[in-house]
Amino acid sequence: MNQKNSKPVVSANPLAAIFKGNTGIIAVLVIMCVIVSLATDKFLTPNNLISVLRQISINTYIALGMTLIIILGHIDLSVGAIVAMSGTLTVGFAVNQGMPVGVAIVLGLILGTLAGLVSGSIVAVFRVPAFIITMAMMNVCSGIAYVYSGGQSTRITDSFFVSIGTGYFLNVIPLPVVYMVVLIAVFSFVLGKTRFGTYVYAIGGNREAARLSGVPIKKVEIIVFTLSGLLSAFAGLVLCSRMYSGQPSVGDGYELDAIAACVLGGTSMSGGKGHISGTVFGAMVIGIISNGLNLIGVSSYWQLIVKGLIIACAVLLDAQKGRLTLMKKKKAA
């Protein structure tokens, strides 16, 4: 099988392996922290650091699923719309339809998961480019959110629902951060220690070789897109809980942040290479950039430009590394 894929290096010291495999992005993270802390004395305050962690957590949920999709060699543009749809419908079911909050939450998660399942099934069975089908799904999910809500936000004050995104563990750690840590651990294990994770890398590294080796490609693709839909729906639930409302426009641009976190963390857009730890560091960089620009007073419109340039630079660096690797292989041969 083609050795293009790049699973995390197994080490006696997992923490050392994480830092060794992410030296570049960690260096960028440290530099960004220094720059922002010099630009404003508000950055290192406890309240702001907690705010950064909350902001990072939402992007991380989505980026975990996006990492698996990009390693497969695909991309998912529907994640932001699923965030908006699931959150808006969950709040609407509880407030407008009078459903029990627990039932509304389950239905919202199911609908987001179903959106991912449909996209994955079409991509896997009909071999439609993921870029196209997820763009279509993005419009469908966004349309559902706007049609259902009439373009208006719906406020919710249920204490249980609100506590999902605003509560604390041991009165210290925000619950969204706890969810993030748990999900990072789960997906790190799945991608690095299971047969399913091996299949994901194999398909992204060389699809034909994976097929000849008996890898269930369609099944893996469907599962990965379904997981992405579930994670996006969960992100929508937590986000709406934090905002005390369901808003159909809330997911705008979230796919951009998730992709940026992945490519900054070393996940190759050509597939077969990437790891969860890199994505987490990438999400941290994106979160610190957004937070720092907000503290400095930079317009959100300029933030979009900065994030776009970051993605472009990361993809160019990834392409350059790919060319250098290919040249080294040719010289060695």
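Calculation notes
Residues numbered from 1 in each chain as written. Predicted model: local features only at pLDDT ≥ 70, side-chain atom pairs only at ≥ 80, totals over all residues. Heavy atoms only, no water. Core = buried A, V, L, I, M, F, W, Y, C linked by side-chain atoms within 4.5 Å. Buried < 20%, exposed > 50% of the residue type's maximum accessible area, 1.4 Å probe, protein only. Contact = heavy atoms within 4.5 Å. Axes fitted to C-alpha atoms, helices over the stretch in contact; angles between N-to-C directions. Helix = DSSP H or I, 4+ residues; strand = E, 2+ residues; numbered from the N terminus. Parallel < 35°, antiparallel > 145°, perpendicular 65-115°, else oblique. Left-handed = near helix turned anticlockwise from the far one by under 90°. Phe/Tyr/Trp six-rings, centres within 6.5 Å; stacked < 30°, edge-to-face > 60°. pLDDT = per-residue confidence, 0-100. Disulfide = S-S within 2.5 Å.

(A) Structural detail: the nonpolar core. Formed by 89 residues in total, the largest nonpolar core has its most connected members in Tyr61, Met66, Phe161, Val200, Val224 and Ile276. For Met66, the residues in contact, after removing those within four places along its chain, are Ile75, Asp76, Val79, Glu255, Ala258, Ile259 and Cys262.

(B) Broad picture of the packing of helix α4 (residues 79-95) against helix α6 (residues 130-149). Orientation of α4 relative to α6, taken along the N-to-C sense of each, is 25°, at an axis distance of 8 Å. Of the possible angle classes, the one that applies to α4 and α6 is roughly parallel. Relative to α6, the crossing made by α4 is left-handed. Along the contact surface, α4 presents Ala81, Ile82, Ala84, Met85, Thr88, Leu89, Gly92 and Phe93, while α6 presents Met138, Cys141, Ser142, Ile144, Ala145, Tyr148 and Ser149.

(C) Structural view of the packing of aromatic side chains. Applying the stated criterion across every chain yields a total of three aromatic pairs. Arranged with centres 5.9 Å apart and planes meeting at 75°, the rings of Phe93 and Tyr148 form a pair that is edge-to-face. Taken together, the residues span a long stretch of sequence, with Phe93 in helix α4 and Tyr148 in helix α6 at a distance of 55 residues. On the accessibility criterion, Tyr148 (28% relative accessible area) is partly exposed. Through successive ring pairs, a cluster of aromatic residues spans Tyr61, Tyr179 and Phe234.

(D) Examining the confidence of the model for the chain more closely. Taken as a whole, the chain shows an average pLDDT of 90; of its residues, 93% reach a score of 70 or greater. Every residue in residues 1-5 is under pLDDT 50, and counting partners more than four places away or in other chains gives 16 contacts.

(E) Inspection of the environment of Ser270 at higher detail. Here Ser270 lies in the loop between α12 (254-264) and α13 (276-296). A relative accessible area of 44% places Ser270 in the partly exposed class. With 56 residues separating them in the primary sequence, Ser270 and Gly214 have C-alpha atoms 22 Å apart.

(F) Summary view of the state of the cysteines. Under the definition given, this model contains zero disulfides. You can see Cys240 has no disulfide; the closest cysteine sulfur is in Cys141, sitting 14 Å from it. Given a relative accessible area of 0%, Cys240 falls into the buried group.

(G) View of unusual backbone geometry. Unusually for a residue other than glycine, Arg127 sits at a positive phi of about 55°. Within the secondary structure layout, Arg127 lies in the loop between α5 (101-126) and α6. Take Arg127: its relative accessible area is 55%, and that puts it in the exposed class. The phi dihedral of Tyr244 falls on the positive side, at around 60°, and the residue is not glycine. Along the chain, the position of Tyr244 falls in the loop between α11 (217-243) and β4 (245-246). For Tyr244, a relative accessible area of 32% translates into the label partly exposed.

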